[in-house]
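Remarks on the overall topology
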Amino acid sequence: MGTQLGEVYELFMHLVNDYRLQDLLTYSQEDFENYLEPWLVFAIAEFTGTCDQSLEYDSTTKTFNEKLSIENKAILAMLMLKYWYEKVINDITQMNLHVEGR
């Protein structure tokens, strides 16, 4: 059996301290995983060319087709962090625009 997407999400959560993500996880595991999945998709797209394993996964079972190495799970988590940062920065930028427009 392959690696559960949740294993990558768990590593990702060790890299961030975001109360909104923690609250979402507390509220609903399913909503939390659905919220993180796009960042994983971006991470997979960026990593696919150099990864030594297949990163294909079943979106229904939320499982990679292969058992990923620890290194590859860590790389995916770190790439997800990059996309989380982009979202945070974009949110801050948008907030500043609204404040200036008052």
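Read on for an overview of the structure. Everything numeric in this text was worked out from a predicted model, so none of it was measured. (Residues numbered from 1 in each chain as written. Predicted model: local features only at pLDDT ≥ 70, side-chain atom pairs only at ≥ 80, totals over all residues. Heavy atoms only, no water.)

Things to note about the environment of Asp31
In this fold, Asp31 is placed in helix α3 (residues 29-47). Spatially, the C-alpha atom of Asp31 lies 16 Å from that of Glu7, the residues being 24 residues apart in sequence. (Helix = DSSP H or I, 4+ residues; strand = E, 2+ residues; numbered from the N terminus.)

So, the packing of helix α1 (residues 5-13) against α3
Relative orientation of the contacting elements α1 and α3 amounts to 85°, with a least axis distance of 11 Å. Accordingly, the angle class assigned to the pair α1 and α3 is roughly perpendicular. In this structure, α1 contributes Leu5, Gly6, Val8, Tyr9, Phe12 and Met13 to the contact, and α3 contributes Phe32, Glu33, Leu36, Glu37, Trp39 and Leu40. When the residues that make up the contact of α1 with α3 are grouped by side-chain class, the tally is 9 nonpolar, 1 polar and 2 charged. (Axes fitted to C-alpha atoms, helices over the stretch in contact; angles between N-to-C directions. Parallel < 35°, antiparallel > 145°, perpendicular 65-115°, else oblique. Contact = heavy atoms within 4.5 Å. Nonpolar A, V, L, I, M, F, W, Y, C, P; charged D, E, K, R; others polar.)

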